Amino acid sequence: MMRRAIALALALGFGSAHADVWESLSGRWAGEGKVSGMTASIELEFRSALDGSGWHLTFYNRMQAADGKVWPFRAEAFYLCGKDGVCRGHWYDTRGITLPLQTASRDDRLVVEWGDDATERGRTTYRIGAGGALEITDEVRGEKGDWSVFGHTRAVRAASTL
């Protein structure tokens, strides 16, 4: 518990080491928000992988449109982290899409850039906010290079139901 508290303090601005941002995200989260104009109930879990040299993300989003139609969505991502602090990996989801990933840590947040010339491009920002809540912002890059937010969710630590 003390290790997690120290990592969280570092991630909130008392330090900026890449590993500390990952450690602050480690564990299970659940929350709500909006994604693609739909209400979203999310569950996710970050855990260490590959004997500490990488990370694994399991993600579930149950979106509901205004007409009541439910859109379940699952994904998993694997990251391998280099000595330079940059983690690279791949995202696999229930749409049948695989996206390349690359991370950058910035003080209190982890920014994951996803996609390439053959896929959609975007970025997801994971940030520990006030009170320890996890704020997740999803953006997609338009054809002209402009960024547009399509999702914003907020999660708190939770027991896993994934």
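Residues numbered from 1 in each chain as written. Predicted model: local features only at pLDDT ≥ 70, side-chain atom pairs only at ≥ 80, totals over all residues. Heavy atoms only, no water.

> Would you mind going over the nonpolar core in detail, with residue names and values included?
Generally speaking, soluble globular proteins have nonpolar side chains that are buried together. Counting residues in each nonpolar core, the largest one holds 30 residues, and the members touching the most others are Leu-44, Leu-57, Tyr-79, Trp-91, Tyr-126 and Leu-134. Looking at this core element by element, the count peaks at five residues for strand β2 (residues 38-49). (Core = buried A, V, L, I, M, F, W, Y, C linked by side-chain atoms within 4.5 Å. Buried < 20%, exposed > 50% of the residue type's maximum accessible area, 1.4 Å probe, protein only. Helix = DSSP H or I, 4+ residues; strand = E, 2+ residues; numbered from the N terminus.)

> Account for unusual backbone geometry, naming residues and giving values.
Positive phi, normally seen in glycine, also occurs at Ser-36, with a value near 50 degrees. You will see that Asp-51, though not glycine, has its phi angle at about 55 degrees, which is positive. Mapped onto the elements of the fold, Asp-51 is located in the loop between β2 and β3 (54-64).

> Explain the side chain of Asn-61 residue by residue, including any values.
Topologically, Asn-61 is positioned in strand β3. Judged by its relative accessible area of 3%, Asn-61 falls in the buried class. Excluding residues within four positions of it along the chain, Asn-61 makes contact with Val-35, Ala-40, Ser-41, Ile-42, Trp-71, Pro-72 and Phe-73. (Contact = heavy atoms within 4.5 Å.)

> Which residues make up the pattern of salt bridges, and what values go with them?
Within this structure, the stated rule accounts for nine salt bridges. With its nearest N and O atoms 3.1 Å apart, the salt bridge here joins Arg-95 to Glu-120. Of this pair, Arg-95 sits in the loop between β5 (87-93) and β6 (98-106) while Glu-120 sits in the loop between β7 (109-114) and β8 (122-128), placing them 25 residues apart in sequence. Because the salt bridges share partners, they merge into one network encompassing Arg-28, Glu-45 and Arg-47. (Salt bridge = Lys/Arg side-chain N within 4 Å of Asp/Glu carboxyl O.)

> Mind laying out the state of the cysteines, listing which residues take part and the relevant values?
Cysteine pairs can be linked by a disulfide, which is a covalent bond between their two sulfur atoms. Tallied over the entire structure, the rule returns one disulfide. Put simply, Cys-81 and Cys-87 are joined by a disulfide, and their sulfur atoms are 2.0 Å apart. Of note, the bridge from Cys-81 to Cys-87 carries an S-S torsion of about 100 degrees and is right-handed in sense. (Disulfide = S-S within 2.5 Å.)

> Give me the lowdown on the pairing of strand β10 (residues 147-157), citing residues and values where you can.
As paired strands, strand β1 (residues 27-35) and β10 are joined by seven bridges and run antiparallel to one another. Bridged to Ala-30 within β10 is Val-156. Sheet topology places strand β9 (residues 134-141) next to β10; eight bridges connect them, and they run antiparallel. Bridge pairing in β10 links Ile-136 to Thr-153. Connecting β9 to the next strand, β10, in antiparallel fashion are five residues, including Gly-145 with a positive phi near 90 degrees. (Pairing = 2+ DSSP bridges.)

So yeah, pure geometry; function would need other evidence.
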